[in-house]
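A structural walkthrough
The residues making up each chain are set out below.
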Amino acid sequence: MTESLTARVEQTLLTVVNARTGTSVLASDQVRDVATSTAGRVQLTLLLGANDDPTLARDVRQAVEALDGVTDVRVNVVDAATDPRAQHGAAAAAPPAPKRAPLPMMAEPAAAPRPVPAPTPSAFPALGKIIAISSGKGGVGKSTVTVNLAVALAKLGRHVGLLDADIYGPNVPRMMGVMTAPPVENEKIVPPEAHGVKLMSLGFMIERDQPAIWRGPIVMKIINQFLRDVRWGRLDYLFVDMPPGTGDAQLSLVQAAHLAGAVIVTTPQEVAVGDALRGAKMFERVGVPVLGVVENMSWFELANGDKMPIFGSGGGARLALELGVPLLGEIPLWQPVREGGDSGTPIVISAPDSPAARAMTAVAEMLERR
Ligand SMILES: Nc1ncnc2c1ncn2[C@@H]1O[C@H](COP(=O)(O)OP(=O)(O)OP(=O)(O)O)[C@@H](O)[C@H]1O
Ligand SMILES: [Mg+2]
């Protein structure tokens, strides 16, 4: 992210022209020390020659401020004549001004950084309870759980939406058996419906196998668009399938919308639990309650009915205890669960009476009671 913002800053500086040199401040070699932060702060040094128009500093600042995702801009203006690094280049070529006082800093001193206001989350009353499904580690079964929870609640007669916010591997469309891009009517995206659930996914918007170039500001925009510009109708629940960890998507979501809560999915494994704890804490820090923990891949049922704890046991319960939230359910590892995901028919539809489907449905019912 930092790299890409730096590149964009430099690109925009190519458009700020110094009237004296007739070329951009970048080409005139007047820019030094471009630094960017993941939070969108930009700092740079501008070398101004005696004959340069001082409003150039303002132009530079405004150009950078106009960039998407930029939250704060500092332009440190330095007299080109006194800057030891300006040995060559157009800025230094200007005759030095006699006894010139250093130019003022264009921003507050670094000691008092302006706090970056986080966007205020909006309420979306028509979307019902917005629930994020998250995990610390990847591949623990978030998407599988999300899809089955959504379909289970739709089967119970609820109006359910499903938003796939996984910017790295949006696979809800495949799990729901929908692969066509949604139509747009009157500037609203019409979400396709599958198994009684309306769904929207980044997978509809990006080409398969396209590198995940989505960065913070873009994710924020898309999540906002998905909340505002999709014709969800009236929902009781909107489930949001997250990428693993605590990245841009999580941050964007909690900044965009009031969440009813988050559900944390983990496997029984110790390492997955540790990661999940960190993920859960992130939600708590921003005031989003953790509604409960779902332990997935809890055991594998052998032919004789014995339960084999392939990934260890007790992780979900430990995590729930640690967080002071209920363990909403334990889902067995069962091949048809994966097959259901691959074929677009979730297990609560294809084998509703199986232990795995019953465990998913029980989680949905428990969640509804919370
Ligand atoms: N209970 C289960 N039994 C068998 N296979 C499962 C089960 N849960 C998930 N899987 C399979 O494990 C794989 C990973 O699951 P899934 O994609 O839901 O995880 P995820 O946490 O969403 O992953 P990512 O972090 O990549 O988004 C999938 O192939 C899925 O079908
Ligand atoms: Mg997933």
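Not measured: the values here are computed from a predicted model. (Residues numbered from 1 in each chain as written. Chains lettered and ligands numbered in written order. Predicted model: local features only at pLDDT ≥ 70, side-chain atom pairs only at ≥ 80, totals over all residues. Heavy atoms only, no water.)

1. Examining the overall build of the protein
Put simply, the rule reads: Labels follow the DSSP assignment, with helices taken as runs of H or I lasting at least four residues and strands as runs of E lasting at least two, numbered in each case from the N terminus. Summary of the burial criterion: residues with accessible area below 20% of their type's maximum are buried, those above 50% are exposed, and those between are partly exposed, where the area comes from a 1.4 Å probe applied to protein chains only. Residue contacts are counted whenever heavy atoms from the two residues lie within 4.5 Å of one another.
Scanning the protein from N- to C-terminus turns up 12 helices and 16 strands. Across the 370 residues of the protein, 47% fall into the buried class. Within the protein, residue pairs in contact and separated by at least 24 positions form 76% of the contacts whose partners lie at least 6 positions apart.

2. Brief notes about the site of ligand 1
Condition: Residues are labelled near a given molecule or strand when at least one of their non-hydrogen atoms is within 4 Å of it. The accessible surface values rely on the Shrake-Rupley method and a 1.4 Å probe; as for residues, cover is taken only from the protein chains in view.
In the neighbourhood of ligand 1, 18 residues make up the surrounding shell, with Gly139, Lys142, Ser143, Thr144 and Pro332 lying closest. Relative to its free-state accessible area of 630 Å², ligand 1 is covered by the protein chains to the extent of 82%. Those elements giving two or more residues to the shell around ligand 1 turn out to be helix H4 (142–155), strand E14 (290–301), strand E16 (327–333) and helix H10 (335–343). Tallying contributions element by element places H4 first for the shell around ligand 1, with three residues.

3. Thoughts on unusual backbone geometry
With a phi angle near 55°, Asp33 is a residue other than glycine that sits in the positive phi range. In this fold, Asp33 is placed in strand E3 (residues 31–36). Of note in the backbone geometry, His195 takes a positive phi value of approximately 50° without being a glycine. Within the secondary structure, His195 sits in the loop between strand E10 (193–194) and strand E11 (197–201).

4. A word on the confidence of the model for the protein
What counts, and what does not: How sure the predictor is of each residue is captured by pLDDT, a score from 0 to 100.
Per-residue confidence for the protein averages 84 on the pLDDT scale, and 86% of its residues sit at or above 70. Here residues 87–113 scores under 50 on pLDDT; set against residues more than four positions off or in separate chains, the count is 43 contacts.

5. Side note on the pairing of E3
This is how the line gets drawn: Pairing between two strands is assigned when DSSP locates at least 2 bridges connecting them.
Of the pairings in the sheet, the one linking E3 to strand E4 (residues 41–48) comprises four bridges and is antiparallel in character. Bridging across to E4, Val31 finds its partner in Leu46. What sits between E3 and E4 in their antiparallel hairpin is a turn of four residues, with Gly40 showing a positive phi close to 90°.

6. A look at the environment of Ile167
Structurally, Ile167 is set in the loop between strand E7 (160–164) and helix H5 (172–176). Remark: the alpha-carbon pair of Ile167 and Pro243, spanning 76 residues in sequence, is separated by 6.5 Å.

7. Digging into empty space enclosed by the protein
Worth spelling out the cut-off: For each structure, a 1 Å grid was placed over the protein atoms alone; sets of points admitting a 1.4 Å probe that cannot get out are labelled cavities, open sets with protein on both sides within 12 Å along at least five of seven lines are labelled pockets, and lining residues have an atom within 4 Å of a point. Grid points are joined across faces, edges and corners, and a volume is the space filled by probe spheres set on the points.
One pass over the structure, following the stated rule, counts one cavity of 30 Å³ or more. Of the voids in this model, the largest cavity is the one considered here, and its volume is about 40 Å³. Taken together, Thr144, Val147, Asn148, Met175, Val337, Gly340, Gly341, Pro346 and Ile347 form the lining of the largest cavity. Listing elements by their share of the lining of the largest cavity, those giving two or more residues are H4 and H10.

8. Some words on the pattern of salt bridges
As a reminder, the rule being used: Whenever Lys or Arg places a side-chain nitrogen within 4 Å of a carboxyl oxygen from Asp or Glu, that contact is recorded as a salt bridge.
All chains considered together, the criterion is met by 13 salt bridges. Residues Arg74 and Asp72 are paired through a salt bridge, measuring 3.3 Å at the closest nitrogen-oxygen approach. When its relative accessible area of 8% is taken as the criterion, Arg74 is described as buried. Between Arg158 and Glu368 there is a salt bridge whose closest N-O contact spans 2.6 Å. Of this pair, Arg158 sits in the loop between H4 and E7 while Glu368 sits in helix H12 (residues 355–369), placing them 210 residues apart in sequence. Ionic contacts of the salt-bridge type, sharing partners, join the residues Arg41, Asp72 and Arg74 into one network.

9. Quick notes on the packing of H4 against H12
As a reminder of what qualifies: Note on geometry: axes are lines fitted to C-alpha atoms, helical ones only across the stretch in contact, with angles between N-to-C directions running from 0 to 180 degrees. Relative orientations are named as follows: roughly parallel for angles under 35 degrees, roughly antiparallel for angles over 145 degrees, roughly perpendicular for angles from 65 to 115 degrees, and oblique for any other angle. In a left-handed crossing the near helix is turned counterclockwise from the far helix by less than a right angle, and in a right-handed crossing that turn is clockwise. Lys, Arg, Asp and Glu make up the charged group, whereas Ala, Val, Leu, Ile, Met, Phe, Trp, Tyr, Cys and Pro make up the nonpolar group; the residues left over, Gly among them, are polar.
Following both chains from N to C, one finds H4 and H12 inclined at 70°, their axes separated by 9 Å at the closest point. Taken together, H4 and H12 sit at an angle that is classed as roughly perpendicular. The element H4 and its partner H12 pack so that their crossing is right-handed. The segment H4 lies against H12, with Thr144, Val145, Asn148, Leu149, Ala152 and Leu153 engaging Met360, Thr361, Val363, Ala364, Leu367 and Glu368. Here the residues of the contact of H4 with H12 are counted per class, giving eight nonpolar, three polar and one charged.

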